[in-house]
Structures are given as structure tokens and as C-alpha cells.
Amino acid sequence: MPDASHSRSAMLEIADLHAFYGESHVLHGVSLTVRQGEVVTLLGRNGAGKTTTMRSIMGIVGKRTGSIEFQGQQLIGMAQHKIPRLGIGYVPEERGIFASLSVDENLTLPPVVKEGGMTVPQIYELFPNLQGRGSTQGTRLSGGEQQMLAIARILRTGADLILLDEPTEGLAPVIIEQIGVAVRKLKQRGFTILLVEQNFRFAATIADRHYVMEEGQVVDMIPNDQLAQNMEKLHEYLGV
Amino acid sequence: MPTIFGIPPQALFGQLLLGLINGSFYALLSLGLAVIFGMLNVINFAHGALYMLGAFVAWLLMTQVGIGYWWALLLAPLAVGAVGVLLEKSLLSRLYKLDHLYGLLLTFGIALMIEGLFRHLYGVSGQPYPIPRELAGGQNLGFMFLPNYRGWVVAASLVVCLATWYAIERTQLGAYLRAATENPVLVQAFGINVPRMVTLTYGFGVALAGLAGVLAAPIYQVSPLMGSNLIIVVFAVVVIGGMGSILGAVLTGYGLGLLEGLTKVFYPEASNIVVFVIMAVVLMIKPAGLFGREK
């Protein structure tokens, strides 16, 4: 669990990040900072490079240049499977629940990488819907339950930075509300969260700061308490 | 003398036993192929050659070093597994981003090279390999005579197949394997070294072929062509069972072995093609195989 006394130090520092899928140049010099204990969102239209930024952090993009530092360690050039072992938990878009695994197996799949992860009873307390579903095939859960499972399985590992890619996509408002409650509880527990969202109304209820991305670059940073003054600008960025 | 459908029981059970023996080898080999296909998406045409290699390692250990059957049962699969690890690291790993066809062509080429090498060194006539002393003789079961060694082959193959199935379907390691088969990128993003897992999976899959080779040595002769004779039928078994299905590979292996045995009793002329007829029918009705999932 992150130490509250360091809550203002930079945990993740991305500088001049460029990323490529084959020939196409997707990120053009992304720079952003996430401090310990913060919830930071990446807002932006489809194709702005939000998910690619997440994938770049995890090392699952073909080629990337620039700098991604997590707790002082450079992630660019690091072997892919070592990055999560530093304490970064990844919740991919579309949840990535495994069809050939039961709910229990999905929950216990990611290896524990650090001490201090949540226990399974604590996880059930956070997501009561998952309790008693252990032997169900992972993909037989509803979309919302699958999203909960995708978050839940990272909480066991002891990761203290969580990358959440569009956790509300395609979910009913009631379920979005439940996810929001859970994310706020995780913040209270001291988790640091980088969140990709299209739904800024949802983002505004949980985030400290928002980075706005356009065409592979960060074009603005809006603290959550200044969101109201910047609404007009934000509408323009997001095209809503 | 009593008969069953006009067939003397000795002949019927004798053929069923032969079918079960063949089925044991089909199951072991198609299990390895299914594990490899599931994880690597490679149709491992070198499987027959590596089965032959397992038998040859056992024969070489016996004739050159004086190491007997029981040690060979351990050492030959390890040696074949090591060859597999080298092949995967040096050659196969370069092909994963390409179409299945490239893996098939590469492993076919490897099979031809290994077989060619052994033909050159040892000729095509088979080398005898003795049945281990402990398993000589047999049991008279009343309705048939069961040679001890054949009983052992069936039992050993069953145990290995069940243990493999258990490891894949019921353990944490198996969960990694199944998950990585489905979405290797995400499994890697949880901190698991997927490329190493892929290498070891290939090594394990071909080690099963090596083990089958050692088990086969005392029954069939050790010959450079023993693998290519078998592998075509085994591929038919895998297609019938469903590519990538572990349980499907095992059950279909035994089932088709038995069916072949029965065909030899009732209509011997068809015994060599019955597996292929079934394959054609299965492909028409259920293209993903009996146990395969449609993608």
C-alpha cells in the first residue's frame, strides 16, 4: 500500500513519449505526471492515443521512444513481463476476461508481485456481485461483473499503480455508479490510478486532474476543481 | 468354441488390445500436438520425427552406453525436449507473426532433415530393442493372453495423459497456459514471461513424443521411418478431436485406436482407411472437430 507521507511525489513520469504501430506513428511526444495517491484521467476523442499511452506504459506497443519512469525506474527497454512486477496493474479495455478460465481462476491469475495486496474477502467486500460465482465461466458474467472482475484481479497483486482503460464503456448507469464507488474506495485505500475515460461526467466524480489528449499529444491539463470554468473548452476538445 | 458375432473371442480381444496399444500412441502424440497447437498455433509436423528420435535415443543409450530401458524412459524425453527447446528458440519463435502455414512448412522441413540424417546413419531397416526383463512374459486372462509389456504401455500412456490433462485444467500453471493460449499479450501484462512459457510448452509437447518413442521401441522396431508412418494417422486423430482440445485429443486417440482394432476384426480391408473416413465425415458435420470450439 502506498505511503501517504509521500503522496505528492511523482510516481509515474512520462516525457516526450512517441509510440508506433508498425509504420504508423501514433503518439507524438506525450508528457504527463501522476503523483502518488492521485486519480488522473486521460480524456479525449476516439483515436487520440489514450489507450496507446496505457499500452506504452505496459510495454505492449511495437516501438516507443522517450521516457516512462515509474518510481524512478525507466520502463522503456525493460522486458515486458518485468513492468507489471514493479507494481503496475493493468485493466485493459474490453476487460480481457478469459473464457477458458473460471471466475476464481480469472481472479487468481495475475501473480502477486508485491506485499500488501488485498485479500479475496476484502475484494468480495468491494465487489459483492462476484461472491459465490467462483466456478462460473469468466465470460458468462454480465459486462458489469466482468469489469468488476477485471479490476478485482489486479487488487490481489499488490500493485500500487492501476491503469484503468475505459471501465464504464458499454455499461448501464447503475453499474457505472457501482464502479465509481469502488474506484473511490480504492483511492481512499491509497491506490494511484490512471484512468482512460470518454465519459467525463464519470471522470469528474473521481479524478484529481484530467489530461486532455488530441492526435497523439497531451494538449491540456485541467485540475478537477477547475473543471466547471473549463467546461466550454472541454466540450470543444471532446466534441460533445 | 464360443464366438462373438461369429468371431472367436481370442481374435476379437487380441485385435482390441492391438487397437488400444495403437490408441495409446495416438493419444500421447496427439496430446503433444494439441498442447503445442493451442499455445504456439504451430502445426508441428516434426512430431513424428521427434517420436522416432525418442526411440533412437533409447536405442543409442542401450547400444552405445549400456543404459537400459527405465533410465531411457526418463532420459530420452528429456533429450527430445531439449532438442525441442533449441528448435523453438532458434527457428520457430521467428514465425509466430506469420500464417500457420509457415510453421507447418518449417516443421515439415525439420522432420525431413532429422529423418534423412537417421536414414543416412542407420539405414531403413529396423533395429531391435528388447523388452525390459521386468516386463517380459504375460498374463493369461482366460479370454485372452495379455503380454505384460503391452499392458504397461497402455497403463503408462493413460497415466501420462491424465496427469497432463490435470496439470492443464486444474492447476495454476495450467491456468496460465490456458489464459496465454487465449490472450498472450494480457498474460504478459500481468507479469508472466510468456515467451519462456511458449518455449517450455513446445519442449514438453515434443518430450511427450519422445516418451512415446521409448514406449514404442520394444513393440515396433526402432527405425528412421517409424514416425512418418504414424504421424499421418495422428494428424487425422487431432483433426477429428479438434485442434487444441486436450481432452479431445486423448479421448479421440484411444477411441480411434479401438475402432481401428474392431475394423481389423470385422472388415480388415478397411482398417487402414477407417480413421480417414471418419475424419472426412467429421469435417463435413463438425469442421472444428468433435471437441473443438468454433472460432
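About the criteria used
- Residues numbered from 1 in each chain as written.
- Chains lettered and ligands numbered in written order.
- Predicted model: local features only at pLDDT ≥ 70, side-chain atom pairs only at ≥ 80, totals over all residues.
- Helix = DSSP H or I, 4+ residues; strand = E, 2+ residues; numbered from the N terminus.
- Buried ≥ 20, exposed ≤ 12 C-beta atoms within 10 Å, placed from the backbone.
- Contact = placed C-beta atoms within 7 Å.
- Pairing = 2+ DSSP bridges.
- Axes fitted to C-alpha atoms, helices over the stretch in contact; angles between N-to-C directions.
- Nonpolar A, V, L, I, M, F, W, Y, C, P; charged D, E, K, R; others polar.
- Right-handed = clockwise from strand over helix to strand, strands pointing away.
- Parallel < 35°, antiparallel > 145°, perpendicular 65-115°, else oblique.
- Left-handed = near helix turned anticlockwise from the far one by under 90°.
- UniProt positions renumbered as here; feature names shortened; annotations may be inferred.

## Points about the overall build of chain A
For chain A, the helix and strand inventory stands at seven helices and ten strands. In terms of its C-alpha atoms, chain A occupies a principal-axis envelope of roughly 45 × 40 × 40 Å. Going through the 240 residues of chain A one by one, you find that 45% of them count as buried. Excluding contacts between residues fewer than 6 apart, the proportion of contacts in chain A whose partners are at least 24 apart in sequence is 71%.

## Here we look at the sheet that holds strand β2 (residues 24-35) of chain A
All names here are of chain A. Here we have four strands laid out as an open sheet, ordered β2-β1-β4-β5, and antiparallel in their pairing. Unpaired on one side and paired on the other, β2 and β5 (73-74) mark the two borders of the sheet. Relative to β5, strand β4 (residues 63-70) runs antiparallel, the two being bridged by two bridges. For E69, the partnering residue across the bridge sits in β5 and is Q74. Strands β1 (10-21), β2 and β4 of the sheet are contacted by helix α1 (residues 50-58), whose axis makes an angle of about 75° with β2.

## Concerning the interface of chain A and chain B
The partner chain B presents 14 residues to the 18 residues of chain A that form the contact. The class makeup of the residues in the side of chain A that touches chain B is twelve nonpolar, four polar and two charged.

## Remarks on the pairing of strand β7 (residues 161-165) of chain A
Residue and element names in this part refer to chain A. The element β7 is largely enclosed, with a buried count of five among its five residues. Neither face of β7 is left uncovered, since the one carrying L161, L163 and D165 and the one carrying I162 and L164 both have all their residues buried. Remark: the β7/helix α5 (residues 173-188)/strand β8 (residues 192-196) crossover connection has right-handed handedness.

## What to know about the packing of helix α2 (residues 47-65) of chain B against helix α4 (residues 100-122) of chain B
Any two packed helices are characterised by the angle at which their axes cross and by the distance between the axes. Residues and elements named next belong to chain B. The geometry of α2 relative to α4 is characterised by a closest axis approach of 8 Å and an angle of 30° between their N-to-C directions. As the angle between them shows, α2 and α4 are arranged roughly parallel. Read as a crossing pair, α2 and α4 show a hand that is left-handed. Here α2 contributes G48, A49, M52, L53 and F56 to the contact with α4, which in turn contributes I110, A111, I114, E115 and F118.

## Section: the UniProt feature "transmembrane region" (unreviewed entry) in chain B
Residues and elements named next belong to chain B. The residues that UniProt annotates with the feature "transmembrane region" (unreviewed entry) are residues 12-35, 42-62, 68-87, 99-118, 149-168, 200-220, 232-254 and 266-285. Annotation note: span residues 99-118, helix share 95%, strand share 0%, distance between end C-alpha atoms 30 Å. The span residues 149-168 carries 100% helix and 0% strand; its end-to-end C-alpha distance comes to 29 Å.

## A closer look at the packing of helix α5 (residues 148-170) of chain B against helix α10 (residues 246-266) of chain B
Residue and element names in this part refer to chain B. Closest axis-to-axis distance for the α5/α10 pair is 10 Å, and the angle between their directions is 165°. What the angle tells us is that α5 and α10 run roughly antiparallel. As α5 packs across α10, the resulting crossing turns out to be left-handed. Contacts between α5 and α10 involve C161, W165 and I168 from the first element and I246, L247 and V250 from the second. Of the residues assigned to the contact of α5 with α10, the class counts are six nonpolar, no polar and no charged.

## Quick notes on the pairing of β1 of chain A
Residues and elements named next belong to chain A. Strand direction decides the pairing type here: β1 and β2, joined by nine bridges, are antiparallel. Directly across from H18, in β2, lies its bridge partner H28. In textbook terms, the turn of a hairpin is the stretch between consecutive antiparallel strands, and for β1 and β2 this stretch comprises two residues, one of which, G22, has a positive phi near 60°. Note that β1 and β4 share seven bridges and pair antiparallel. Bridge pairing in β4 places A19 opposite R64.

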